[in-house]
Amino acid sequence: MASQHKAYFWEPPKNIEEFLRFHKLDYWPGEIIFGDQDKWACILKKIKEDSSFASIYTHLWENVPRRHGAVRIMEARLQECSILLKNHASKILEWENIISQKGTPGKLEKYEAFLKNHHKKRMIMLSGEMETAKNIEGCNFAGFKTNELSQLPRHLDAERIYLFVLKAHNFDEKLFKLWRIYFLSEASIAVLHDSFWWWFLHKFKPDKENQDFLFDRISESYVTLFISIPQNKKDAFFQVYPDCLTQAIYVAFQEAFPESSDLFNDEFKEDLGNNIYLWLSGLKPQKGFWTQWKLKDLTTTTIHGTKKAPGKIIYERIIRSQERIMNRQRTEGLTYSTYSSYSENYSSVNFCF
């Protein structure tokens, strides 16, 4: 049994010589004879070609998705835009050459100087005789528009108002030029427009829906303005901005409604400033802050330097006071003779226009 078991036992070759003897070979690997030498040679050549670096790289480039596709598309688009820009620039240069050929240099310099001297923003000067509403009672808010600012009454220019306020502060020239850029920015102009109308509705003609819309846009505009100011200028700018905005709103009311100037008293300024400061800084200003304002007497002079008609303003004040007294006397049950005595007293006042 032992010899029978040993007959079936096979031990693998321990070295190459045993391997060759086991397979009855003289050497290894042995020569392989192909039936069709040309066919196999062609196959081997193709395998070598397909296995080359260039072949593998080309196959991957053409078939594997790449993350750089968007970059190549952008480069192509930029190249296209560059060609269009060059064509456009060449046309401009051709046009300038034509102009320079047609006119003498002296004339062109005169035209250029003329344009520089006369390229100024037009100011709308409102005279006292213009037939527009010059009091609070005759003005109404046109309604909030999502994509459009509500214009100030009587065609007032927000930029002109801001410049008037800034000049009243007597900033040095360098600081004035810097603050001017920020105050006349789109966001700052929007804050002035919407804050003016919000205070108009809040103080005189309440409209909660429009006030809410205006307040939301004021918030958005203020955030935009805050972000636009450089970090190293933020503290200095926002120390003066609430006060300047309050002054600008006050000036706008004086300019828009000269016949209601008696309503824009010390209490009006105090309430306005408290509201604006709370919005922008979270703190109320010092009581009587407005006494430090260096504004001209806006009850008699416009921001353009023209004089208002003081006699007419006083007349309007007396008429309103007379109407208030009449209403008060009626509520208190005074007799007609008492009212007549008030009327006689007011009729004795002389007015000069």
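Residues numbered from 1 in each chain as written. Predicted model: local features only at pLDDT ≥ 70, side-chain atom pairs only at ≥ 80, totals over all residues. Heavy atoms only, no water.

1. Side note on the packing of aromatic side chains
Next up, step 1: Enumeration over the complete set of coordinates arrives at 33 aromatic pairs.
Next up, step 2: Summarising the aromatic geometry, the rings of Phe196 and Phe253 are spaced 4.4 Å apart at their centres and angled 35° between planes, so their arrangement reads as tilted. Note that Phe196 is positioned in helix α9 (residues 186-203) and Phe253 in helix α11 (residues 234-256), a separation of 57 residues in sequence.
Next up, step 3: Relative accessible area serves as the criterion here: at 0%, Phe253 is assigned to the buried category.
Next up, step 4: Taking 5.3 Å as the distance between ring centres and 80° as the angle between the ring planes, the aromatic pair formed by Trp197 and Phe200 counts as edge-to-face. Highlighted residues: Trp197 and Phe200, both in helix α9, separated by 3 residues, approximately one helical turn. Here Trp197 and Phe200 have matching classes, each one buried. (Phe/Tyr/Trp six-rings, centres within 6.5 Å; stacked < 30°, edge-to-face > 60°. Helix = DSSP H or I, 4+ residues; strand = E, 2+ residues; numbered from the N terminus. Buried < 20%, exposed > 50% of the residue type's maximum accessible area, 1.4 Å probe, protein only.)

2. Some points on the packing of α11 against helix α12 (residues 266-281)
Next up, step 1: Close contact between α11 and α12 brings their axes to 9 Å; oriented N to C, the two are set at 140°. Classified by the interaxial angle, the pair formed by α11 and α12 is oblique. In this structure, α11 meets α12 at a crossing whose hand is right-handed. Contacts between α11 and α12 pair Tyr241, Pro242, Asp243, Leu245, Thr246, Ile249, Tyr250 and Phe253 from the former with Phe268, Lys269, Leu272, Gly273, Ile276, Tyr277 and Leu280 from the latter.
Next up, step 2: Its residues assigned to classes, the contact of α11 with α12 shows 11 nonpolar, 2 polar and 2 charged. (Axes fitted to C-alpha atoms, helices over the stretch in contact; angles between N-to-C directions. Parallel < 35°, antiparallel > 145°, perpendicular 65-115°, else oblique. Left-handed = near helix turned anticlockwise from the far one by under 90°. Contact = heavy atoms within 4.5 Å. Nonpolar A, V, L, I, M, F, W, Y, C, P; charged D, E, K, R; others polar.)

3. Topic: α11
Next up, step 1: In a regular helix each residue adds 1.5 Å, so 23 residues correspond to 33 Å; α11 covers 32 Å between its end C-alpha atoms and thus fits that length.
Next up, step 2: At Tyr241, α11 shows its maximal bend, which comes to roughly 35°, and the proline Pro242 appears one to four places after that position.
Next up, step 3: By the criterion of burial, α11 is predominantly enclosed, with 20 of the 23 residues buried. (Expected span 1.5 Å × (residues − 1). Bend = angle between axes of the 7 residues up to and from the residue.)

4. So, the pattern of salt bridges
Next up, step 1: All chains considered together, the criterion is met by 7 salt bridges.
Next up, step 2: For the salt bridge of Glu173 with Lys177, the shortest nitrogen-to-oxygen distance reads 3.4 Å. Residue Glu173 and its partner Lys177 are located together in helix α8 (residues 173-183), separated by 4 residues, close to a single helical turn.
Next up, step 3: Take Glu173: its relative accessible area is 60%, and that puts it in the exposed class.
Next up, step 4: A salt bridge links Lys208 to Asp212, with the shortest nitrogen-to-oxygen separation between them at 2.9 Å. (Salt bridge = Lys/Arg side-chain N within 4 Å of Asp/Glu carboxyl O.)

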